[in-house]
Amino acid sequence: MTERTALDFHFLATGIGSVPYLDVDGTCRRILEACPHIPFWPQFVQRTHLEDMIVQFTEALPFLEIAEDRKVLITEHGHAEEELLAFYDRFLAEDVEHFALSKNYVPGLYEMLALIGREPEKYGPFIKGHTVGPVTFAAAIRDREGRNLFSYPDFSETFVKALAIRSLWQVRELGKSGKKPILFLDEPYLAGYGSAFTPIQRHEVVAMIKEVVDYVRERSEAIIGVHCCGNTDWSMIIEAGPDIVSFDAFSYLNYFFLYPAELRCFIETGGAIAWGIVPTFGFTGRETVDDLSGRLQEGLAKLHALGLDPDRLARQSLLTPACGMGTMEPAASERVLILLRGLSERFQPDC
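Residues numbered from 1 in each chain as written. Predicted model: local features only at pLDDT ≥ 70, side-chain atom pairs only at ≥ 80, totals over all residues. Heavy atoms only, no water.

Peer 1: Honestly, the layout of surface pockets in this entry has me stumped. Any pointers?
Peer 2: In this approach, a probe sized like a water molecule rolls over the atoms, and the result shows the empty space that is left. In this model, the largest pocket occupies a volume close to 590 Å³. Looking at the largest pocket, it is lined by 26 residues, and the ones nearest its centre are Ser18, Cys229, Cys323, Gly324 and Thr327. Looking at the lining of the largest pocket residue by residue, the classes come out as 11 nonpolar, 11 polar and 4 charged. Taken as a whole, the second largest pocket encloses approximately 210 Å³ of empty space. (1 Å grid on protein atoms, 1.4 Å probe; cavity = no way out; pocket = protein on both sides within 12 Å on 5 of 7 lines; lining within 4 Å. Points joined across faces, edges and corners; volume = space filled by probe spheres on them. Nonpolar A, V, L, I, M, F, W, Y, C, P; charged D, E, K, R; others polar.)

What follows is the structure in structure tokens.
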């Protein structure tokens, strides 16, 4: 059973990652206004292909090339064995800085840290980052015949380790702010997991995610979450051992509660829920804090019915958008941030 430190979020607000904006400084400042207690660094998917959720975490990794359509391709060549040995030399030596991401790939991370560093007393106590999860990464990267990394077990194992040590680099960078780092592994590929077309077994999913979670946890004080914006096997996610499970509570609330025993055990052992209560896909602009509050109360009532203490649930609950906002119109994403902050403020202890 995973041992977790006591968490105290009490419905604080944060984001998932992607945004539709282009202004790095202005966006980071807006996030600090909307989510001052758990600011997150933004991923500018409309600004450059280097911030695509897959491409962003490939910088300087071996055997990969970026195609014009933002797809990541496996490239094999005569020096593959040498590159693989060089990778493992760096990995086994825990040469974390070798796996750093540059400002070209993560400008939002560097800008957010700089802004917090100027007025650290105004923000925190947490700071949130994110990375593509290992299963989604493996599913997205393909060779020229269309086969993904699941057809290349040696490469797949290598890239799980690359994401693990790169995640460790990220949480150490976030920790330089003086705030407690939170890192979400984003796993959209697991939405609808279990269909006939899924080329990976349940135990393999658990093992891949758990390897990253355990690697970071053993070497840092970071809080680690797994985010999936669709319906999935949530018992599988919980088994992988994260501290936070993040889901689309607006669209998939009832599906989430198909795993009552697992959810109860997860929360009783200190796990937290990130309620993705403000819709992103299908956002109409007519949503209100009252409407979203009712939806959240519905979910909390289901957990209360399992015998879970309301005060514990409050401490172990965060609020987020349902998913990233990168495909939204800027005006709509601004409205999401307004709703998110308003909902968080309503659920604070003194309200």
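From this point, things continue past the structure.
Peer 1: I tried to follow the packing of helix α1 (residues 24-34) against helix α12 (residues 330-346) on my own but got confused; where do I start?
Peer 2: How two helices sit against one another is set out by the angle between their axes and by the gap between those axes. The interhelical angle for the contact between α1 and α12, taken along N-to-C directions, is 25 degrees, at an axis separation of 9 Å. The angle between α1 and α12 places the two elements in the roughly parallel class. Residues Arg30, Glu33 and Ala34 of α1 form the contact with α12, whose participating residues are Glu334, Leu337, Ile338 and Arg341. In terms of residue class, the contact of α1 with α12 is made up of 3 nonpolar, no polar and 4 charged. (Axes fitted to C-alpha atoms, helices over the stretch in contact; angles between N-to-C directions. Helix = DSSP H or I, 4+ residues; strand = E, 2+ residues; numbered from the N terminus. Parallel < 35°, antiparallel > 145°, perpendicular 65-115°, else oblique. Contact = heavy atoms within 4.5 Å.)

Peer 1: Would you explain the packing of aromatic side chains in this entry?
Peer 2: We describe a pair of aromatic rings using the distance from one ring centre to the other and the angle between the two ring planes. Inspection of the entire model under this criterion finds 17 aromatic pairs. Relative to Phe155, the ring of Phe63 lies with its centre 4.5 Å away and its plane at 15 degrees, an arrangement referred to as stacked. Within this pair, whereas Phe63 is found in the loop between β3 (43-44) and β4 (64-66), its partner Phe155 is found in helix α5 (residues 153-175), the two being separated by 92 residues in sequence. Neither Phe63 nor Phe155 differs from the other in exposure class; each is buried. Between Trp234 and Phe247 the ring centres are 6.1 Å apart and the planes differ by 75 degrees, which places this aromatic pair in the edge-to-face class. Separated by 13 residues along the polypeptide, Trp234 in helix α7 (residues 234-239) and Phe247 in strand β9 (residues 244-247) bring together distant segments of the chain. Taken individually, Trp234 and Phe247 each receive the classification buried, so the pair is uniform in this respect. Taken together through their ring pairs, the aromatic side chains of Phe87, Tyr88, Phe91, Phe99 and Tyr215 make up a single cluster. Note that Lys128 overlies the ring of Phe184, its terminal NZ or CZ placed 4.6 Å from the centroid. If you follow Arg219 out to its NZ or CZ, it ends over the ring of Tyr215, 3.8 Å from the centre. (Phe/Tyr/Trp six-rings, centres within 6.5 Å; stacked < 30°, edge-to-face > 60°. Buried < 20%, exposed > 50% of the residue type's maximum accessible area, 1.4 Å probe, protein only. Lys NZ or Arg CZ within 6 Å of the ring centre and 35° of its normal.)

Peer 1: Would you take a moment to explain the packing of α1 against helix α3 (residues 107-118) for this structure?
Peer 2: In the contact formed by α1 and α3, the axes pass within 9 Å of each other and the chain directions differ by 55 degrees. Between α1 and α3, the angle is such that the two are oblique. Classified by chirality, the crossing of α3 by α1 is right-handed. Facing Val24, Asp25, Cys28, Arg29, Ile31 and Leu32 of α1, the residues of α3 in contact are Pro107, Gly108, Glu111, Met112, Leu115, Ile116 and Arg118. Residues of the contact of α1 with α3, tallied by class, amount to 8 nonpolar, 1 polar and 4 charged. (Left-handed = near helix turned anticlockwise from the far one by under 90°.)

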